[in-house]
Amino acid sequence: MGLIANIQRFSLHDGPGIRTTVFLKGCLLNCLWCQNPETLSGRPELMFTRRLCALCRLCERVCERQAHEFEDGVHRVRYELCAQCGKCVAACPAEALGIVGAEMSVGDVVDVVRKDRDFYERSGGGVTVSGGEALMQPDFALALLAACAREAIHTALDTSGYAPPEVFASFLDVVNLFLFDIKAIDEERHKRLAGADNAWILQNLKSIIGRGAPVIVRVPLVPGFNDDAEELRRMAEVVAALSPKPTVQLLPHHDYGRHKYEALGMSYRMPEETRRPAPESVEAAKAIFAQHGLTVIEEV
Amino acid sequence: MNARVKRLRDEIFTWKDTVCPHRPRIVTEAYRKYESDPVVVKRAKALRDVLEQMPIYIREGNLIVGAPTSTPGAWIVYPEFSLGTEKIVQVRHNIHVGNDFIRDHLPEDLKDYWATRNCYARYAAYRRECFGDRNPPSDSWYMISTALGHLTVDFRETLERGLTGVSERARRRLEEVRQDDPEGAAFLRAVIIAAEGGIAFANRYAQLAEETAARVSDPRRKQELQRMAEGLRRIYVHGARSYHDALQSVWLSNQIMHIEGNAWSMSPGRVDQICCPYFQRDVARGELTREQALELAECFLIKFKENSIFGMRGAPTQCITLGGRAADGRDQTNELTYLFLEAAREVKLAEPLIHVRWHKGIPKKLMHACFDCLEAGLGMPMFLNDEATPEGFMNLGIEREAAFDYTHVGCGELGITGKLQDSALGGSTGHIAVLVQVLRRKRSNGKSLDQAFPTFEDLLAAVRKQMRANAEHSASVNRAVGHIHRQFGQIPFTSAFMHGCIERARDLTVRCQYNFPSMNLGGGGFPNFVNSLAAIRQAVYRDHALTLGRVVEAIEADFQGFEDVRAVLAREPKFGNDDDRVDDLLPVVEQMHAEAIAGLKGPRNDGRYIATGTVATGHIDQGRQLIATPDGRHAGRPMAAGMNAAPDTDRNGLTALLNSVQKLNSTGHWFGGYILNFNILPDVLASEKSREKLMMALESYFMRKGLNLQMNCVSADMLRDAQHHPEDYRSLMVRISGYNDYFTMLDPGIQEEIIGRTAHGVK
């Protein structure tokens with residue numbers, strides 16, 4: 001069984017064509033700007049969207065562990081008490097509560113993926129396994145991708161590359177396209193930004209490209225964190241040294257996911273002023289990669 | 001849009017509501033004066049008198065003329081149909097002024113004259129006699145208050161030979177039937193009289209244009225007016241000679257039909273097809289630039305809004321249909337297809353609705369032109385499907401050529417140019433309301449509900465029986481309405497533009513070439529019905545989590561004190577998510593509906609009833625009047641419109657919605673069409689790649705025989721509303737790389753950012 005955060009049909013931006021993106025839960029990295037914080041933990045979690053709460057207190061009534069408190073008209077969630085039983089979610093008429101993380105079998109997931117087969121075939125789409133880091137659940141991810149590949153559904157793996165090289169290599173046979181993130185080249189910087197070094201990442205990238213796997217290198221462009229010319233130049237050098245040279249896709253940073261931090265009882269770590277990069281700095285970044293003979297795309 | 005067009009457009013929104021007194025006065029005088037004539041002749045003479053006497057106007061700078069009222073934007077009154085004693089128009093369309101307003105503007109003696117003579121009064125009397133106290137479906141009041149509409153006429157004969165051509169054909173036929181068909185002879189005389197009225201009307205506009213030309217100082221406008229006058233003198237006597245003539249002829253004929261009767265959804269149809277030969281001729285002769293052609297198209301489109309039958313704030317009921325493929329498979333996209341789309345995008349008005357016929361050979365360039373309109377916030381075009389719709393028509397026995405000449409009529413239904421009367425006036429089987437009725441009635445009988453319906457099949461059987469009873473009643477009411485229209489609501493001018501009428505020497509109210517009255521599947525709320533059945537089946541009959549009795553108590557209390565019941569019901573699977581736990585009921589419901597309408601006799605004594613899943617705005621009104629429903633919907637909340645998922649219940653995106661809808665038997669059951677809308681954020685259209693993916697999503701759906709799709713690019717105003725009423729917009733999805741979320745969940749600051757990038761909608 002796998003722990004699934006979300007299955008997103010009609011995904012337009014996670015690989016070629018119309019895709020179904022399966023977000024698995026759990027990630028070893030902890031990037032400061034993460035826009036899917038609900039996928040970080042490898043366990044189910046309660047999410048509470050305060051703006052939708054009607055203060056009806058039905059959750060308080062059904063909760064056996066007193067995880068919902070109401071004081072002076074304020075709904076406070078004690079996440080540490082929650083056992084993810086889901087009773088409050090079922091009771092909530094405002095859909096302010098949710099559990100992220102559902103146990104599903106490979107068959108369950110493939111049943112959903114299969115439904116849009118006609119859309120994939122016409123648009124050149126397929127399934128994208130994403131996360132979190134899908135390789136945190138390597139057996140499940142491998143079985144899922146293999147099952148899709150057996151049904152001739154195009155498979156993409158959206159990965160941080162942060163996994164033991166022997167595990168990573170086992171995916172080569174079942175993945176038609178790797179969407180491979182590079183966040184920083186400088187090791188210290190990578191540790192600071194993503195919570196771990198990038199040795200596995202660079203090794204895995206080099207290894208799969210060397211073995212002929214189709215790869216799109218995806219670079220999140222985070223203003224003030226990794227978009228200085230020096231860092232980008234070093235990234236471009238590393239990517240350009242690969243053979244064959246992979247296509248590079250720039251992912252301008254956004255902060256659409258910030259509300260999820262509050263919903264999960266976590267704190268948002270990015271500075272308030274870090275929003276989307278200006279179009280000029282996206283263009284400048286593009287130019288740096290292009291100067292190194294790389295093909296840079298904005299969309300797949 | 002140049003300055004002239006912009007002014008013509010913007011001025012519309014400054015007009016105040018008024019009532020035009022001339023038509024009701026002239027018609028009343030005519031009915032008195034020609035009392036001894038056959039009714040159809042009397043009606044033609046009344047029309048002619050209005051066309052000869054009603055004051056007319058030409059707006060400064062306009063290039064297309066013709067209006068149903070003496071002042072711009074005024075309400076037009078049809079006392080011979082109804083005086084507005086019913087409030088149906090008002091309620092349905094949320095119009096601030098309505099029938100009360102109209103009635104207040106009419107003189108007492110006029111009201112006295114019509115009180116017992118108009119269609120409405122005659123129907124009321126007939127109803128009392130035939131149906132006693134039993135309340136007919138509310139639609140019948142609307143049906144009887146309007147003339148027969150919901151069709152697309154064929155303008156081609158008039159374009160080619162003018163109204164004189166129509167008149168000559170009627171005269172020849174009259175010679176043949178004069179001796180032994182007095183009813184036919186009366187109808188044909190009426191056509192000839194009505195055509196005379198039309199010619200007089202065009203000549204009056206010509207004269208006004210000449211008088212205005214003599215007065216204006218701007219030499220360019222003077223010349224324009226002189227040219228317009230020449231065209232207006234030509235179009236009905238000799239036929240159209242230019243693209244400008246063609247647009248003018250189509251528009252004026254369309255307006256005369258709106259003066260003749262107050263039918264809704266009388267649309268000009270495939271204007272790019274019918275006007276293209278004239279356009280090409282002008283261009284070949286070097287007499288027309290693209291810029292001029294665009295300006296004329298814009299002036300043409302603005303007329304729809306200027307003379308909307310429901311006033312400036314009314315619901316749109318007219319449309320144009322563009323593109324498509326011919327019966328031989330040829331792509332019919334032409335220069336005008338693009339030109340009209342561009343014009344629509346520029347004038348950005350809610351009326352006319354724009355429809356584009358999709359087919360597998362549709363040029364990519366045309367798809368991009370459509371997406372440009374969507375991205376600009378037009379909310380249109382809506383796509384119709386040539387890979388399914390003609391097949392459905394042919395399954396009904398309609399000949400191939402005609403089936404491929406289909407159009408949209410404006411409200412929600414489909415038409416065939418000049419050949420099909422598929423009126424929405426067929427009534428309704430009722431749906432979700434039937435279920436509620438069945439559940440509540442059993443309870444009032446004293447027997448426990450759960451005893452009355454021990455199995456889900458027992459409940460279905462009761463609903464089926466009630467639906468059939470409703471359909472039978474609808475059909476008999478419909479025949480009553482048809483009977484009265486045939487005697488008192490004839491429309492000879494409109495009939496002359498429909499195939500089969502002059503040939504058979506019978507008015508359209510008797511019949512035209514193809515007649516298939518459509519029975520709406522409950523109007524709004526089809527998905528609510530399916531969802532309610534699925535929720536009851538699961539929660540009551542499978543999980544035994546609720547009793548039927550408790551469900552009814554809960555819906556009667558609008559879930560107050562029954563929040564737990566609602567939580568269970570609302571969580572059950574919903575149509576639009578590609579979930580077979582609810583979608584497996586679709587064939588069951590289709591079968592139920594097919595049985596309800598099987599063998600029913602139509603209002604014009606032939607044609608079988610066909611199913612439609614269309615509704616323009618009725619779902620809001622129906623929702624307002626209905627208590628809470630077992631799908632978890634609260635009392636008074638809107639129903640789902642057409643085949644849309646019930647508000648706020650489709651959470652799996654476009655492909656899932658399309659898969660659900662595609663499970664319907666589109667070419668074997670939904671002959672009358674259905675509507676389907678999907679909201680997208682404009683970001684999806686911003687890039688070439690996304691657009692191509694969207695095109696493929698459409699292709700997948702349409703190649704699997706989906707009938708219709710409207711993708712509505714949400715407007716800034718809608719997103720504002722979503723901020724304040726997140727419960728109504730839960731399915732609105734934001735999609736960017738590696739991230740998807742519902743708009744309503746986003747941080748308000750981010751919502752603002754998205755709103756800032758979003759275009760404003762149409763007026």
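Residues numbered from 1 in each chain as written. Chains lettered and ligands numbered in written order. Predicted model: local features only at pLDDT ≥ 70, side-chain atom pairs only at ≥ 80, totals over all residues. Heavy atoms only, no water.

K.L.:
Can you tell me about the overall build of chain B, naming the residues and giving the values?
P.N.:
From N to C terminus, chain B includes 34 helices and 15 strands. Relative to the globule expectation of 27 Å for 763 residues, the C-alpha radius of gyration of chain B, 26 Å, shows essentially globular dimensions. Overall, the C-alpha framework of chain B stretches about 80 × 65 × 50 Å when taken along its three principal axes. Going through the 763 residues of chain B one by one, you find that 67% of them count as buried. The contacts in chain B between residues at least 6 apart in sequence include a share of 78% that link residues at least 24 apart. Both charge centroids of chain B, one from 95 positive and one from 96 negative side chains, sit 3 Å from each other. (Helix = DSSP H or I, 4+ residues; strand = E, 2+ residues; numbered from the N terminus. Rg over C-alpha atoms; globule rule 2.2 N^0.38 Å. Buried < 20%, exposed > 50% of the residue type's maximum accessible area, 1.4 Å probe, protein only. Contact = heavy atoms within 4.5 Å. Lys, Arg positive; Asp, Glu negative; His and termini not counted. Charge placed at Lys NZ, Arg CZ, Asp CG, Glu CD.)

K.L.:
Describe the overall build of chain A, and please don't skip the residues or the numbers.
P.N.:
Of the regular secondary structure elements, chain A holds 11 helices and 13 strands. Compactness check: chain A gives a C-alpha radius of gyration of 20 Å against a globular reference of 19 Å for 300 residues, within 12% of the reference. Considered along the principal axes of its C-alpha atoms, chain A spans approximately 60 × 45 × 35 Å. Within chain A, contacts between residues at least 6 apart in sequence are counted, and of these 70% link residues at least 24 apart.

K.L.:
Tell me about the domain arrangement of chain A, and name the residues and values.
P.N.:
For chain A, the domain assignment lists domain 1 (2-42 + 102-297) and domain 2 (59-99). A straight line from the C-alpha centre of domain 1 of chain A to that of domain 2 of chain A covers 33 Å. (Domains from an automatic or database assignment.)

K.L.:
Can you lay out the interface of chain A and chain B for me, pointing to particular residues and giving the numbers?
P.N.:
If you look at the interface, chain A gives 42 residues, while chain B gives 48 residues. For the pairing of chain A and chain B, the buried interface totals around 3,900 Å² over both sides, and the portion due to carbon and sulfur atoms is 53%. The interface formed by chain A and chain B contains 5 salt bridges. Among the ionic pairs, Arg122 of chain A bridges to Glu699 of chain B, the shortest N-O distance being 2.8 Å. For the pair chain A and chain B, the interface holds 19 residue pairs in polar contact (both at pLDDT 80 or more). Only strand E1 (2-11), helix H2 (87-91), helix H4 (117-123), strand E12 (247-252) and helix H10 (258-264) of chain A provide two or more residues apiece to the side of chain A that touches chain B. (Buried area = accessible area lost by both parts, 1.4 Å probe. Salt bridge = Lys/Arg side-chain N within 4 Å of Asp/Glu carboxyl O. Polar contact = N/O pair within 3.5 Å; in protein donor to acceptor, adjacent residues only side chain to side chain.)

K.L.:
Quick rundown of the side chain of Gln255 of chain B? Include the residues and the values.
P.N.:
Residues and elements named next belong to chain B. Inspection of the secondary structure assignment puts Gln255 in helix H12 (residues 243-260). At 3.1 Å, the side chain of Gln255 and the side chain of Asn254 are in polar contact. Aside from chain neighbours lying at most four places away, what touches Gln255 is Gly66, Ala67, Pro68 and Asn307.

K.L.:
Give a description of the environment of Gln291 of chain A that names residues and reports values.
P.N.:
For Gln291 of chain A, the position within the fold is in helix H11 (residues 279-291). Measuring from C-alpha to C-alpha, the distance between Gln291 of chain A and Glu166 of chain A comes to 33 Å, with 125 residues separating the pair along the chain.

K.L.:
How would you sum up the pairing of strand E10 (residues 177-181) of chain A? Please name residues and give values.
P.N.:
Residue and element names in this part refer to chain A. Across the 5 residues of E10, 5 count as buried, placing the element largely inside the fold. A two-sided burial pattern is seen for E10, the buried positions comprising Leu177, Leu179 and Asp181 on one face and Phe178 and Phe180 on the other. Sheet topology places strand E9 (residues 154-159) next to E10; 4 bridges connect them, and they run parallel. From the neighbouring strand, Leu157 faces E10, where its bridge partner is Phe178. (Pairing = 2+ DSSP bridges.)

K.L.:
I'd like to hear about the sheet that holds strand E13 (residues 296-297) of chain A, residue by residue, with values.
P.N.:
Residues and elements named next belong to chain A. Judged by pairing direction, the sheet is mixed, and its 9 strands sit side by side in the order E7-E1-E2-E8-E9-E10-E11-E12-E13 without closing on themselves. Each of the sheet's edge strands pairs with one partner strand only, and the pair in question is strand E7 (102-104) and E13. Pairing of E1 with strand E2 (residues 19-24), which is carried by 5 bridges, proceeds in the antiparallel orientation. Looking at the pairing, Gln8 lines up with Thr21 of E2. Sheet contacts for H11: strand E11 (215-221), E12 and E13; angle to E12, the most-contacted strand, approximately 165 degrees. (Axes fitted to C-alpha atoms, helices over the stretch in contact; angles between N-to-C directions.)

K.L.:
Could you give an account of the packing of aromatic side chains, with specific residues and numbers?
P.N.:
Residue and element names in this part refer to chain B. Within this structure, the stated rule accounts for 21 aromatic pairs over all chains. A centroid spacing of 6.4 Å and a plane angle of 85 degrees characterise the contact between Phe526 and Phe575, whose relative ring orientation is edge-to-face. With Phe526 in helix H24 (residues 526-542) and Phe575 in the loop between helix H26 (563-571) and helix H27 (580-583), this pair connects stretches of sequence that are 49 residues apart. Between Phe526 and Trp670, the aromatic rings sit 5.5 Å apart at their centres with planes inclined by 80 degrees, giving edge-to-face as the arrangement. Highlighted residues: Phe526 in helix H24 and Trp670 in the loop between helix H30 (653-662) and strand E12 (677-680), separated in sequence by 144 residues. An aromatic cluster is present here, built from Trp251, Phe300, Phe304 and Phe340 joined pairwise through their rings. Here the guanidinium or amino end of Arg122 rests over the ring plane of Phe488, the centre of that ring lying 3.8 Å away. (Phe/Tyr/Trp six-rings, centres within 6.5 Å; stacked < 30°, edge-to-face > 60°. Lys NZ or Arg CZ within 6 Å of the ring centre and 35° of its normal.)

K.L.:
So, the sheet that holds strand E5 (residues 382-385) of chain B: which residues are in play, and what are the values?
P.N.:
Residues and elements named next belong to chain B. The sheet built from 5 strands is open, its strands ordered E3-E4-E5-E13-E12 with mixed pairing. Both edges of this open sheet fall to strand E3 (319-323) and E12, since each of them pairs with a single strand only. Strand-to-strand twist of the sheet, defined as the mean angle between neighbouring strand axes without regard to direction, takes the value 25 degrees. For E3 and strand E4 (residues 353-358), the ladder comprises 5 bridges, and the chain directions are parallel.

K.L.:
How would you explain the confidence of the model for chain B if you had to name every residue and give the values?
P.N.:
Per-residue confidence for chain B gives a mean pLDDT of 88; residues scoring 70 or more make up 91%. Every residue in residues 86-97 of chain B scores below 50 in pLDDT, and together they form 35 contacts with partners more than four places removed in sequence or on other chains. (pLDDT = per-residue confidence, 0-100.)

K.L.:
Can you lay out unusual backbone geometry for me, pointing to particular residues and giving the numbers?
P.N.:
Following Glu351 of chain B, the chain continues to Pro352 of chain B via a peptide bond in cis, the omega torsion being 0 degrees. Topologically, Pro352 of chain B is positioned in the loop between helix H15 (335-347) and E4. The omega torsion across Met380 of chain B and Pro381 of chain B is 5 degrees, close enough to zero to call that bond cis. Tracing the chain through its elements places Pro381 of chain B in the loop between helix H16 (364-375) and E5. Phi is positive for Phe10 of chain A, which is not a glycine, with a value near 55 degrees. By the secondary structure assignment, Phe10 of chain A is in strand E1. Positioned with a positive phi, Asp72 of chain A is a non-glycine residue whose angle comes to about 50 degrees. For Asp72 of chain A, the position within the fold is in the loop between strand E4 (68-71) and strand E5 (74-77). Judged by its relative accessible area of 77%, Asp72 of chain A is exposed.

K.L.:
Give a description of the environment of Val50 of chain B that names residues and reports values.
P.N.:
All names here are of chain B. Residue placement: Val50 occurs in helix H3 (residues 39-53). Distance from Val50 to Ile26, taken between C-alpha atoms, is 5.9 Å for residues 24 residues apart in sequence. Ignoring any residue separated from it by four or fewer positions in sequence, one finds Val50 in contact with Arg23, Ile26, Val27, Arg204 and Ile259.

K.L.:
Describe the pattern of salt bridges, naming the residues involved and giving the relevant values.
P.N.:
Considering all chains together, one arrives at 82 salt bridges over all chains under this definition. One salt bridge in this structure joins Arg258 of chain A and Asp255 of chain A, with 3.2 Å as the shortest N-O distance. Owing to a relative accessible area of 2%, Asp255 of chain A belongs among the buried residues under this scheme. One network of salt bridges, in which partners are shared, links Arg9, Lys115 and Asp116 of chain A together with Asp578, Asp580, Asp583 and Lys663 of chain B.

K.L.:
Please set out a nonpolar patch on the surface residue by residue, giving values where relevant.
P.N.:
Together, Leu28, Met136 and Trp200 of chain A line one region of the surface with nonpolar side chains, adding up to about 270 Å² of accessible area. Judged by relative accessible area, which is 34%, Met136 of chain A ranks as partly exposed. (Patch = residues over 30% accessible without salt bridge, like charges linked within 9 Å, V, L, I, M, F, W, Y side chains within 5 Å. Areas by Shrake-Rupley, 256 points an atom, 1.4 Å probe, with all protein chains shown as cover.)

K.L.:
I'd like a rundown of the environment of Arg275 of chain A, residues and numbers included.
P.N.:
Tracing the sequence through the fold places Arg275 of chain A in the loop between H10 and H11. Residues Arg275 of chain A and Val300 of chain A, spaced 25 residues apart in sequence, show a C-alpha to C-alpha distance of 23 Å. Leave out the neighbours within four places in its chain, and Arg275 of chain A touches Pro223, His253 and Asp255 of chain A together with Gly749, Ile750 and Glu753 of chain B.

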